[in-house]
Amino acid sequence: MTSQRLGCLFGLGVGPGDPELITVKAARLLAACPVVAYPAAEGGDSFARRIVADLIRPDQREIAIAVPMDVARDPAQEVYDAAARQIGSELQAGNDVALLCQGDPFFYGSFMYVFGRLAEHFPVEVVPGVSSMMACAARLGMPLAAREDVLTVVPATLPEAALEARLATTDAAAIYKLGRHVQKVRAVLRRLDLLDHARYVERATLAEERRMPLTDAPDIAPYFALALVHRRGSALG
Ligand SMILES: C[S@@+](CC[C@H](N)C(=O)[O-])C[C@H]1O[C@@H](n2cnc3c(N)ncnc32)[C@H](O)[C@@H]1O
């Protein structure tokens, strides 16, 4: 009996948005995979696919994973079960699959839900990507942390008291998933005397990027927006 070679699942970080911020390794592996999968909003739009659109060829098969993209989304278990089955059957047939992940795959990335379902059964390789926090710091010209600074990453979706407790003791913070939580975040930062040091970025590194003090940000931010804050005003200070 001949044993069929299993395909490899490549979790490819494709960076924050600018197509030039993909690693050489991710670009090489993407070109080598016969199947390309990506999360897509229910309407079919995929930010991850858009980033690498110029690198995808017509001969590559595509699998769109229709994830609910509302700001407060929870992982939709059935969607990932179905995606894992579809990707798993490609891997079982010996086909390598590139699963695109915006930013870095293991940093709040939906990739990990497919990874969790398939990593025990198939070879997997994860290629890290430039994360949005790094991209936002670069675009703002705002160093994240220096010397013995403690940098805290928090989702704005946390309850207000939890958010306040986390931010009360940190030197610097990246506040993700702002969405409908901008006013709550502003209230917490104001009480902690940090609001004047907080900067907002939406759609960092894309042509439609916007940057401003968090005080001027829209009360309802788009899904791809975050805030950075440093207690001293600057990590250089
Ligand atoms: C599900 S997480 C994905 C993070 C991604 N894996 C990474 O490494 O950056 C989505 C959150 O990342 C942040 N984000 C991702 N891309 C961004 C961008 N280009 N500009 C600003 N924020 C971004 C937003 O806070 C958004 O709600």
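Residues numbered from 1 in each chain as written. Predicted model: local features only at pLDDT ≥ 70, side-chain atom pairs only at ≥ 80, totals over all residues.

Take the pairing of strand 4 (residues 97-101) next. Among the five residues in strand 4, five count as buried, and that is most of the element. Burial along strand 4 is two-sided: the face carrying Val97, Leu99 and Cys101 and the face carrying Ala98 and Leu100 are both buried. Pairing geometry for strand 1 (residues 9-13) and strand 4, over five bridges, is parallel. Residue pairing for strand 4: Leu9 is matched across the bridge by Val97. Sheet topology places strand 2 (residues 35-40) next to strand 4; three bridges connect them, and they run parallel. Note that in strand 4 the partner of Ala37 across the bridge is Leu99. (Buried ≥ 20, exposed ≤ 12 C-beta atoms within 10 Å, placed from the backbone. Helix = DSSP H or I, 4+ residues; strand = E, 2+ residues; numbered from the N terminus. Pairing = 2+ DSSP bridges.)

A few words now on the site of the ligand. Residues in close proximity to the ligand total 22 residues, the closest being Gly103, Asp104, Ser131, Ser132 and Ala204. For the shell around the ligand, the secondary-structure elements that each account for two or more residues are helix 5 (132-140), strand 8 (198-202) and strand 10 (225-230). Residue-level mapping places the shell around the ligand at the junction of two domains, with at least three residues from each of domain 1 (9-127) and domain 2 (132-230). (Near = placed C-beta within 6 Å. Domains from an automatic or database assignment.)

Looking now at the domain arrangement of the protein chain. For the protein chain, the assigned domains read domain 1 (9-127) and domain 2 (132-230). A C-alpha centroid distance of 27 Å is found between domain 1 and domain 2. The partner domain 2 presents 12 residues to the nine residues of domain 1 that form the contact. Looking at the side of domain 1 that touches domain 2, its residues break down into six nonpolar, two polar and one charged. (Contact = placed C-beta atoms within 7 Å. Nonpolar A, V, L, I, M, F, W, Y, C, P; charged D, E, K, R; others polar.)

The next thing to look at is the sheet that holds strand 8. With mixed pairing, the five strands of this open sheet are ordered in space as 6-7-10-8-9. The sheet is open, and its two borders are formed by strand 6 (151-155) and strand 9 (210-213), each paired with just one other strand. Averaged over all adjacent pairs, the angle separating strand axes in this sheet is 20 degrees, with direction ignored. Here strand 7 (residues 172-176) runs beside strand 10; their pairing, made up of four bridges, is antiparallel. (Axes fitted to C-alpha atoms, helices over the stretch in contact; angles between N-to-C directions.)

Here we take up the packing of helix 3 (residues 77-92) against helix 4 (residues 111-118). One way to put it is that helix 3 packs onto helix 4 with a least axis distance of 9 Å and a crossing angle of 60 degrees. Classified by the angle their axes make, helix 3 and helix 4 are oblique. The two elements helix 3 and helix 4 meet at a crossing, and its hand is right-handed. In this structure, helix 3 contributes Tyr80, Ala83, Ala84, Ile87 and Gly88 to the contact, and helix 4 contributes Tyr113, Val114, Arg117 and Leu118. For the contact of helix 3 with helix 4, the class distribution of residues is seven nonpolar, one polar and one charged. (Parallel < 35°, antiparallel > 145°, perpendicular 65-115°, else oblique. Left-handed = near helix turned anticlockwise from the far one by under 90°.)

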